[in-house]
Amino acid sequence: MEKHLICLDLDGTLLTDEKIISPFTKKVLFELKTRGHALMISTGRPYRASEPFYRELGMDTPIVNFNGAFVHHPQDLYFKTVHEELDLEVAREIVKRVPDLNIQNIIAEVKDHVYIHYHDEVLFEAFGMGSPQVKIGDLTQNIESGPTSILIQAEEPEVPGIRQALDDLFAETIEHRRWGAPYPVIEIIKKGINKAVGVDYCRGYLGIDKKHTIAFGDEDNDTEMLRFVEHGVAMGNAIDEIQEVADHKTDTNNNDGIGHFLNDFFKLNL
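Treat the numbers as computed from the prediction; the structure is a model and nothing was measured.

S.K.: Can you break down the pairing of strand S10 (residues 174-179) residue by residue, with the values?
M.R.: S10 sits mainly inside the fold: 5 of its 6 residues count as buried. By the bridge criterion, 6 bridges tie S10 to strand S11 (residues 185-190) in an arrangement that is antiparallel. Along S11, the bridge assignment pairs glutamate 175 with isoleucine 189.

S.K.: Could you give an account of the side chain of aspartate 9, with specific residues and numbers?
M.R.: Inspection of the secondary structure puts aspartate 9 in the loop between strand S1 (5-8) and helix H1 (10-14). We classify aspartate 9 as buried; its relative accessible area is 4%. Reaching out from aspartate 9, the side chain makes a polar contact with the side chain of lysine 195 at a distance of 3.0 Å. In this view, aspartate 9 contacts Leu14, Ser42, Thr43, Lys195, Phe216, Gly217, Asp218 and Asp222; residues no more than four positions away in its chain are not counted.

S.K.: Give me the lowdown on the environment of asparagine 65, citing residues and values where you can.
M.R.: Inspection of the secondary structure puts asparagine 65 in strand S3 (residues 63-65). Each C-alpha atom, one on asparagine 65 and one on lysine 135, is 21 Å from the other, the two residues being 70 residues apart in sequence. Ignoring sequence-local partners within four residues, the contact set of asparagine 65 consists of Thr43, Arg45, Pro46, Tyr47, Ser50, Phe70 and His72.

S.K.: Now, about the environment of lysine 249: what can you tell me, with residues and values included?
M.R.: The residue lysine 249 is located in strand S14 (residues 248-249) in this model. For lysine 249 and glycine 236, which are 13 residues apart along the polypeptide, the C-alpha to C-alpha distance reads 6.6 Å. Those residues in contact with lysine 249, other than ones at most four positions away along the chain, are Val233, Ala234 and Gln243.

S.K.: Which residues make up the nonpolar core, and what values go with them?
M.R.: Ranked by size, the top nonpolar core spans 26 residues in total, and within it Ile6, Leu14, Phe216 and Leu262 carry the most contacts. Mapped onto this core, the elements with two or more residues apiece are S1, H1, helix H2 (23-34), strand S2 (38-41), helix H3 (51-56), strand S12 (213-217) and helix H11 (257-265). Excluding residues that lie within four positions of it along the chain, leucine 14 makes contacts with Leu8, Asp9, Ile20, Ile21, Thr25, Leu29, Leu57 and Ile258. Counting 24 residues, the second largest nonpolar core, distinct from the first, contains Ile94, Ile103, Ala108 and Ile152.

S.K.: Let's hear about the pairing of S1: which residues, and what values?
M.R.: Looking down a regular strand, the side chains alternate between one sheet face and the other. Every second residue of S1 is oriented toward a common face, with Leu5 and Cys7 on one face and Ile6 and Leu8 on the other, all of them buried. Pairing geometry for S1 and S2, over 4 bridges, is parallel. Along S2, the bridge assignment pairs leucine 5 with alanine 38. Pairing geometry for S1 and S12, over 4 bridges, is parallel. Note on S12: the bridge partner recorded for cysteine 7 is alanine 215.

S.K.: Which residues make up H11, and what values go with them?
M.R.: For H11, the full list of buried residues reads Gly257, Ile258, Gly259, Phe261, Leu262 and Asn263. In this structure, the buried residues of H11 make contact with S1, H1, H2, S12, strand S13 (231-234) and S14. Residue lysine 267 follows H11 closely and has a positive phi angle near 55 degrees.

S.K.: So what about the packing of aromatic side chains? Which residues, and what values?
M.R.: Geometry of an aromatic ring pair is reported as the spacing of the ring centres plus the angle between the planes. Taken as a whole and assessed by the stated rule, the structure comprises 6 aromatic pairs. With 6.4 Å between their ring centres and 75 degrees between their planes, tyrosine 47 and tyrosine 54 make a pair best called edge-to-face. A relative accessible area of 13% means that tyrosine 47 is categorised as buried. Take tyrosine 54: its relative accessible area is 0%, and that puts it in the buried class. Look at phenylalanine 79 and tyrosine 201: their rings are 5.5 Å apart centre to centre, the planes differ by 75 degrees, and that puts the pair in the edge-to-face class.

S.K.: Mind laying out the pattern of salt bridges, listing which residues take part and the relevant values?
M.R.: Using the criterion set out here, one finds 17 salt bridges in the structure. The salt bridge involving lysine 19 is made with aspartate 11; its shortest N-O contact spans 2.7 Å. Two residues, arginine 178 and glutamate 156, come together in a salt bridge whose shortest N-O distance is 2.8 Å. Of the two residues, arginine 178 sits in strand S10 while glutamate 156 sits in the loop between strand S9 (149-153) and helix H7 (159-170), which places them 22 residues apart along the sequence. Look at glutamate 156 and you get partly exposed, because its relative accessible area is 36%. One network of salt bridges, in which partners are shared, links Asp9, Lys195 and Asp222.

S.K.: Mind laying out the sheet that holds S2, listing which residues take part and the relevant values?
M.R.: Sheet architecture is open: 5 strands sit in the order S2-S1-S12-S13-S14, paired in parallel fashion. Looking at the sheet topology across the chains shown, the edges are occupied by S2 and S14. Where S12 lies against S13, 4 bridges are found, and the strand directions are parallel. Looking at the pairing, alanine 215 lines up with glycine 232 of S13. The strands that helix H8 (residues 195-206) touches are S1, S2 and S12; relative to S1, the one it contacts most, it runs at about 150 degrees.

Thresholds, definitions, all that
Residues numbered from 1 in each chain as written. Predicted model: local features only at pLDDT ≥ 70, side-chain atom pairs only at ≥ 80, totals over all residues. Heavy atoms only, no water. Buried < 20%, exposed > 50% of the residue type's maximum accessible area, 1.4 Å probe, protein only. Helix = DSSP H or I, 4+ residues; strand = E, 2+ residues; numbered from the N terminus. Pairing = 2+ DSSP bridges. Polar contact = N/O pair within 3.5 Å; in protein donor to acceptor, adjacent residues only side chain to side chain. Contact = heavy atoms within 4.5 Å. Core = buried A, V, L, I, M, F, W, Y, C linked by side-chain atoms within 4.5 Å. Phe/Tyr/Trp six-rings, centres within 6.5 Å; stacked < 30°, edge-to-face > 60°. Salt bridge = Lys/Arg side-chain N within 4 Å of Asp/Glu carboxyl O. Axes fitted to C-alpha atoms, helices over the stretch in contact; angles between N-to-C directions.

In structure tokens form, the structure reads like this:
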């Protein structure tokens, strides 16, 4: 079979709810690597929080982080890294405006620097993976360069209203996506950036035809990626919108959805 590019979202997709890669799915992925196919992570996480899984799977491909805002190759110094930052003044304006929308907190990430607006021990621990530099306090004062992303934490009922307000105020300059568990978060990145843009960039670098691309996802930040690839696969636990745009459906992240789909698709008989 022709070499395929297999794009893997992490949370709710490749990872179980316990944040591990299950043994069967790992076995399938390693078999596909042995047969010459390319595995790639495409996630909303920063690199520091996805590196353990990149290493666990022995990957040698580029990686898409921050939903396409940061794309680099950990093992190729000649790979042209992509880092799409939010405009600093737009970021500061967002930070000034959103506290009026009944939010819980605001987090800005500049690669591996994390800025948290309000002190929160739970968030401090959650964003501490990979030992980033963390600073707590007024983001309008603390961020000095354009952030890779801004995250807004809010109660679930508030999320639709906040997203509408972001559209009303900043539609020409930003994209925003919703994260699911463990808590509702709205991620804001530069306009025109999404996972599909990052995947296409990496696909070109790897020399793999678009008709040989597969991607798995579960949340709305996977929408463009699943539409872009030849075979977009919705996890069994995916939100309704992802189920609707996907070409295929598989089992849940806790029931080896990726492993079972790929085992059947490539006729591995594992």
